[in-house]
Amino acid sequence: MAEFHRCHGSLVFLSNGNRTARRRSSAAEFNNGLTFSKTPLKDNEIFEVLLDRKIGNWSGSWAIGVTSGDPSLMEIPSSSTGLKNGSWIMSGRTILKDGSSFLEDYGQDLDELNSGERVGVQRKLDGSLHFFVNGVDMGLAASNVPQKVHAVVDLYGRCVEVSIYEPYDGSTGE
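So, a few notes on the structure that sits alongside this text. (Residues numbered from 1 in each chain as written. Predicted model: local features only at pLDDT ≥ 70, side-chain atom pairs only at ≥ 80, totals over all residues. Heavy atoms only, no water.)

## Considering the sheet that holds strand β4 (residues 46-54)
Logical step 1: As summarised here, the arrangement of the seven strands in space is β1-β2-β13-β4-β9-β10-β11, forming an open sheet in which the pairing is antiparallel. Every other strand in the sheet has two partners, leaving β1 (12-15) and β11 (136-142) as the edge strands with one partner each. With direction set aside, neighbouring strand axes in the sheet form an average angle of 25 degrees.
Logical step 2: Relative to strand β2 (residues 20-23), β1 is paired through four bridges, and the arrangement is antiparallel. When the bridges of β2 are listed, Ser 15 appears paired with Thr 20. (Pairing = 2+ DSSP bridges. Helix = DSSP H or I, 4+ residues; strand = E, 2+ residues; numbered from the N terminus. Axes fitted to C-alpha atoms, helices over the stretch in contact; angles between N-to-C directions.)

## Here we look at the pairing of β11
Logical step 1: The pairing of strand β10 (residues 129-133) with β11 spans four bridges and is classified as antiparallel. Bridged to Val 133 within β11 is Val 136.
Logical step 2: Linkage of β10 to β11, two consecutive antiparallel strands, is achieved through a turn of two residues, within which Asn 134 is found at a positive phi near 50 degrees.

## Quick notes on the side chain of Glu 48
Logical step 1: Tracing the chain through its elements places Glu 48 in strand β4.
Logical step 2: Judged by relative accessible area, Glu 48 falls into the buried class, the value being 8%.
Logical step 3: One polar contact links Glu 48 to Arg 118, side chain to side chain, over a distance of 2.8 Å. (Buried < 20%, exposed > 50% of the residue type's maximum accessible area, 1.4 Å probe, protein only. Polar contact = N/O pair within 3.5 Å; in protein donor to acceptor, adjacent residues only side chain to side chain.)

## Side note on the pattern of salt bridges
Logical step 1: Inspection of every chain in the model, using the stated rule, returns five salt bridges.
Logical step 2: Across the pair Glu 3 and Lys 38 runs a salt bridge whose closest N-O atoms are separated by 3.7 Å. With a gap of 35 residues between them, Glu 3 in the segment before β1 and Lys 38 in the loop between β3 (34-36) and β4 connect regions that are remote in the sequence.
Logical step 3: Taking the relative accessible area as the measure of exposure, Lys 38 reaches 44% and is therefore partly exposed.
Logical step 4: One salt bridge in this structure joins Arg 123 and Asp 43, with 2.8 Å as the shortest N-O distance. In this pair, Arg 123 is assigned in strand β9 (residues 118-123) and Asp 43 in the loop between β3 and β4, connecting sequence segments 80 residues apart.
Logical step 5: By relative accessible area, which is 7% here, Arg 123 ends up buried.
Logical step 6: Residue classification places Asp 43 among the partly exposed residues on the basis of a relative accessible area of 28%. (Salt bridge = Lys/Arg side-chain N within 4 Å of Asp/Glu carboxyl O.)

Structural measurements only, silent on function.
Structural data, given as structure tokens:
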């Protein structure tokens, strides 16, 4: 079962067995909400989060992606745009590589999503990177992504709380 890493942005509070992340002081502060997957992604694994709570105070909201950095060894920046040395982040409709715009007009605008909607990221076996919005693959975002990457979720702006989403696999008789 996926969890968030114990190392995260200074305003992040983890709960629910490290499966829910909330940004404290969200009405007064818009960043310092970086979270990471506890372990590197497995090939073809989709790391997906559900938007639990959003506020109207700021512009922009959440971002998601991957980093080749180890969260326990890095100095965690105030936002995902500060991640360098092997990071690919979807913010709005833009893919950022190491904090700079890499691909514009990609997929669906994350800033327009509401509570109850979800986003995901997947590094495929062939090194390609795909993002998902509400379970729909938005297509190829990058290639030649290194094998050992952690998922990144940035709770900034209007995004206050997210939870790791894992769909029912049918074996529980849902």
